[in-house]
Amino acid sequence: MKKIKDNLFSQLFDKKDHPQEHTLPDTIKDELINEFSSGTEYTLQFLKWLVLASLAGVVCGLLGTFFYISIEEVTLIRLSHPYITLFLPLSGLIIVFIYKKLGVSHDRGTNLVLDSIHSHEQIPDVMAPLIYMGTVLTHLFGGSSGREGAALQMGGCIGVFLGKKLKMDEKDINILTMCGMSAVFTAMFGTPITATVFSMEVISVGMFQYSAFVPCIIASTISFGISGFFGVGRETFTIIKMPELSVVNGCRVIVLSIACGLIAILFCKCIHAAHKIYSRLFDNKYLRIFIGGTIVSAFIFIEGSQYYSGSGFNIVRDAFNGHTGIETFIVKLLLTALTLGAGFKGGEIVPALCIGASFGSTIAPFLGLEPAFGAGIGLVCLFCGVVNCPIAAILLAMELFGQHHLIPFAIASGVSYVFSGCFGLYDSQKILYSKLHAQYINTHSH
């Protein structure tokens, strides 16, 4: 290749071909060759990721759309037949049996995907269908869990699978893993920009892998188009009355954001503690998930409305209408911890949004803020606090509420990010730089 380029430049600039002109100095000719080489490399890399990211976007977009429709359909079945929640313990036994039958005895969820990027830990090829099956069963029978966490796991698994099949090296597989995470998250939630940045930001807090940006945004955009083609709705919320920008309102937002940051810590600690308590009390996984399913099922049956089952988007909508109370986020937090800690599948992100929205809506009037605005602040703050992704949180606010009046949400994200400390949902998430000082700490969230 170098020989061809040398010949090309020789033909253009050699004296024998242009006898009346001066010969181009060798240093300038070398610089031009290097520039030409760099341009060629950039072009080839861009075309390479255009193809690979498009492939990931199509595959993960279709998978994410199918997953979204599946969750919606089983939710409708559960709401039409409330008694089905009594079978939640039995569905848990099925989940544990299938996982063990397929050789996955220790499921670490999203942590496994993060570790595959950090330390190249292997993800079994059967993980994607297992996550799909487990999450659908959990939602069908009334467990309190989300879907975006499962989407991240499925997307990451698909990215790794495609990378292996295409015989890519480890660095490229990591980027394709992030493409998969972005694409399925987008298909499930309808926020392509948030999904792109989140997949990059959640890996290592304090440092972006910018080489993944173009592939991830391509995959997310294609997935967004596919999910939209199949009529998968995008979640948006309207905050009719936004407070004016002032020192007083800024202080109110900061106070609410600090409280939300502390609630984020509580949520993370409850999720981790529930798993540890279940494991300590019930060594047998079948017994563990059966007992946990019985507790959750009994509560849902006694409560009688299934209001707290599933992901909780119904609670988010009520929060924006000012129809939630202090008990709402407490019950949702505990049920989510009891469900996921027992071994049921799904995710923690949407329940976190639900808890944040209901908490913010409840506390806002005491601070002189509108419930809907408080719900928006709470939603964004809890998202930021539990995943340690302030930039993604700001973009989430933009995509959910519109780009106007973004300043309060940016402030809220920053405050929540600081006050949530080094806590997080994912033990394998690395916090590379301190939240308080310009200092490299390289620790894990806890």
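To start, this report covers the structure provided alongside it. Counting of residues starts from 1 at the beginning of each chain's written sequence and follows it residue by residue. In keeping with the model being predicted, local features are shown solely for residues with a pLDDT of at least 70 and side-chain atom pairs are shown and tallied solely at 80 or more, while totals for entire chains, interfaces and linings include all residues. For the side-chain quantities, the full set of heavy atoms in the structure was used; hydrogens and water were omitted.

### Description of the overall build of the chain
Piece 1. A tally of helices and strands in the chain yields 17 helices and three strands.
Piece 2. The globule rule used here is 2.2 Å times the number of residues to the 0.38 power, and the radius of gyration it is set against is calculated over C-alpha atoms. Against the compact-globule benchmark of 22 Å for 446 residues, the chain has a radius of gyration of 25 Å, which places it among compact chains.
Piece 3. Each of the three principal axes of the chain carries a C-alpha extent, and together these read 95 × 60 × 45 Å.
Piece 4. Each of the 446 residues in the chain was classed as buried or not, and the buried ones make up 54%.
Piece 5. The contacts of the chain with a sequence gap of at least 6 include a subset with a gap of at least 24, amounting to 74%.
Piece 6. By element, 66% of the accessible surface of the chain is carried by carbon and sulfur atoms, the whole surface being about 19,600 Å².
Piece 7. One way to put it: in the chain the 29 positive side-chain charges average out to a point 7 Å from where the 30 negative ones average out. Strands are runs of DSSP state E lasting at least two residues, helices are runs of H or I lasting at least four, and both sets are numbered from the N terminus onward. Categorising residues by exposure relies on relative accessible area from a 1.4 Å probe, with only protein chains included: less than 20% of the type maximum marks a residue as buried, more than 50% marks it as exposed, and the intermediate range marks it as partly exposed. Between two residues, a contact is recorded if the distance between any of their heavy atoms is within 4.5 Å. Accessible surface is estimated by sampling points in the Shrake-Rupley manner with a 1.4 Å probe; for residues, cover comes only from the protein chains shown. Note on charges: Lys and Arg go in the positive column, Asp and Glu in the negative column, and His and the chain ends are not counted at all. To locate a charge, the coordinates of NZ of Lys, CZ of Arg, CG of Asp or CD of Glu are taken.

### Considerations on the state of the cysteines
Piece 1. Only a pair of cysteine sulfur atoms within 2.5 Å counts as a disulfide in this structure description. In this structure the tally under the stated criterion is zero disulfides.
Piece 2. Cys 268 forms no disulfide, and the closest cysteine sulfur to it belongs to Cys 270, at a distance of 9.4 Å.
Piece 3. You can call Cys 268 buried: its relative accessible area is 0%.

### Comments concerning the nonpolar core
Side chains of a nonpolar character, in soluble globular proteins, are inclined to be buried together.
Piece 1. Think of a nonpolar core as a cluster: buried Ala, Val, Leu, Ile, Met, Phe, Trp, Tyr and Cys residues, connected wherever their side-chain atoms sit within 4.5 Å. Core analysis: the biggest nonpolar cluster contains 128 residues, and Phe 198, Leu 379 and Phe 401 have the highest contact counts within it.
Piece 2. Beyond its immediate chain neighbours, meaning those up to four positions away, Phe 401 contacts Phe 237, Ile 239, Phe 320, Gly 376, Leu 379, Val 380 and Phe 409.

### Focus on the sheet that holds strand β1 (residues 204-205)
Piece 1. With respect to topology, three strands assemble into an open sheet ordered β1-β2-β3, the strand pairing being mixed. Both edges of this open sheet fall to β1 and β3 (440-444), since each of them pairs with a single strand only.
Piece 2. Following DSSP output, two strands are said to pair if at least two bridges run between them. Where strand β2 (residues 430-433) and β3 come together, three bridges link them in antiparallel fashion. By the bridge assignment for β3, Lys 430 is matched with His 444.

### Examining helix α7 (residues 170-189)
Piece 1. In this analysis, the expected span of each helix is defined as 1.5 Å times one less than the number of residues it contains. The terminal C-alpha atoms of α7, which comprises 20 residues, lie 28 Å apart, in line with the 28 Å expected from a rise of 1.5 Å per residue.
Piece 2. Buried residues dominate α7, accounting for 18 of its 20 residues.
Piece 3. Between a side-chain oxygen at the N-terminus of α7 and the backbone nitrogen of Lys 171 the separation is 3.3 Å; the capping residue is Asp 169.
Piece 4. Just beyond α7, the residue with positive phi is Gly 190, at close to 75°. We define a polar contact as two N or O atoms separated by no more than 3.5 Å, with the added condition that, inside protein, one atom must be a possible hydrogen donor and the other a possible acceptor, whereas residues neighbouring each other in sequence contribute only through side-chain atom pairs.

### Remarks on the layout of surface pockets
Piece 1. Taken as a whole, the largest pocket spans an internal volume of roughly 950 Å³.
Piece 2. A cavity, in this analysis, means grid points on a 1 Å lattice covering only the protein atoms where a 1.4 Å probe fits yet has no way out; a pocket is instead an open set bounded by protein on both sides within 12 Å along at least five of seven lines, and a residue lines either one if it has an atom within 4 Å of a point. If you go around the largest pocket, you meet 38 residues; those closest to its centre are Asp 107, Arg 108, Gly 109, His 275 and Leu 340.
Piece 3. When contributions to the lining of the largest pocket are tallied by element, the ones reaching two or more residues are α3 (88-101), α4 (110-118), α10 (247-281), α11 (285-303) and α13 (326-342).
Piece 4. Ranked by residue count, the leading element in the lining of the largest pocket is α10, at six residues.
Piece 5. Under the grouping applied here, Gly and all other residues not named as nonpolar or charged are polar, the nonpolar ones being Ala, Val, Leu, Ile, Met, Phe, Trp, Tyr, Cys and Pro and the charged ones Asp, Glu, Lys and Arg. Residues belonging to the lining of the largest pocket are distributed by class as follows: 14 nonpolar, 14 polar and 10 charged.
Piece 6. Grid points are joined across faces, edges and corners, and a volume is the space filled by probe spheres set on the points. In this structure, the second largest pocket encloses a volume near 310 Å³.

### Topic: the packing of aromatic side chains
Piece 1. Two rings from Phe, Tyr or Trp (for Trp, the six-membered ring) form a pair when their centres are within 6.5 Å of each other. A pair whose planes differ by under 30 degrees is stacked, one over 60 is edge-to-face, and the rest are tilted. Considering all chains together, one arrives at 15 aromatic pairs under this definition.
Piece 2. Between the aromatic rings of Phe 208 and Tyr 210, the centroid separation amounts to 5.5 Å while the plane-to-plane angle is 40°, which identifies the pairing as tilted.
Piece 3. Residue class for Tyr 210 comes out exposed when judged on its relative accessible area of 63%.
Piece 4. Among the aromatic residues, ring-to-ring pairing joins Phe 185, Phe 189, Phe 198, Phe 313 and Phe 383 into one connected group.
Piece 5. Positioned over the ring face of Tyr 99 is Lys 345, at 4.5 Å from the centre of the ring. For a lysine, the NZ atom is tested; for an arginine, the CZ atom; a charge sits over a ring if that atom is within 6 Å of the ring centre and within 35 degrees of the ring normal.

### Describing a nonpolar patch on the surface
Piece 1. A patch is a set of surface residues, each over 30% in relative accessible area and not in a salt bridge, joined within 9 Å for like charges and within 5 Å for the nonpolar side chains Val, Leu, Ile, Met, Phe, Trp and Tyr. Just to be clear on terms, a salt bridge is a Lys or Arg side-chain nitrogen sitting within 4 Å of an Asp or Glu carboxyl oxygen. Among the surface-exposed residues, Leu 44, Phe 46, Leu 47, Leu 50, Val 51, Phe 213 and Val 214 lie close enough to one another that they form a single nonpolar patch of about 620 Å² accessible area.
Piece 2. Taken together, the elements giving at least two residues each to the nonpolar patch come down to α2 (26-80) and α9 (213-229).
Piece 3. Locating Phe 46 in the fold gives a position in helix α2.

### Digging into the environment of Arg 252
Piece 1. Inspection of the secondary structure assignment puts Arg 252 in helix α10.
Piece 2. Distance in space between the C-alpha atoms of Arg 252 and Leu 369 is 7.8 Å, their sequence separation being 117 residues.
Piece 3. Residues within four places of Arg 252 in sequence aside, it is in contact with Leu 367, Gly 368 and Leu 369.
Piece 4. There is a polar contact of 2.8 Å between the side chain of Arg 252 and the side chain of Asn 249.

### Topic: the packing of helix α8 (residues 192-201) against helix α16 (residues 390-401)
Piece 1. Here α8 crosses α16 at 170°, and the two axes come no closer than 8 Å. What the angle tells us is that α8 and α16 run roughly antiparallel. Packed against α8, whose contacting residues are Pro 192, Ile 193, Thr 194, Val 197, Phe 198 and Glu 201, the element α16 presents Pro 390, Ile 391, Ala 392, Leu 395, Leu 396, Met 398 and Glu 399 at the interface.
Piece 2. Of the residues contributing to the contact of α8 with α16, the split by class is 10 nonpolar, one polar and two charged. To obtain an axis, a line is fitted to C-alpha atoms, over the contacting stretch when the element is a helix, and the angle between two such axes runs from 0 to 180 degrees between their N-to-C directions. The cut-offs work like this: below 35 degrees is roughly parallel, past 145 is roughly antiparallel, 65 to 115 is roughly perpendicular, and the gaps in between are oblique.

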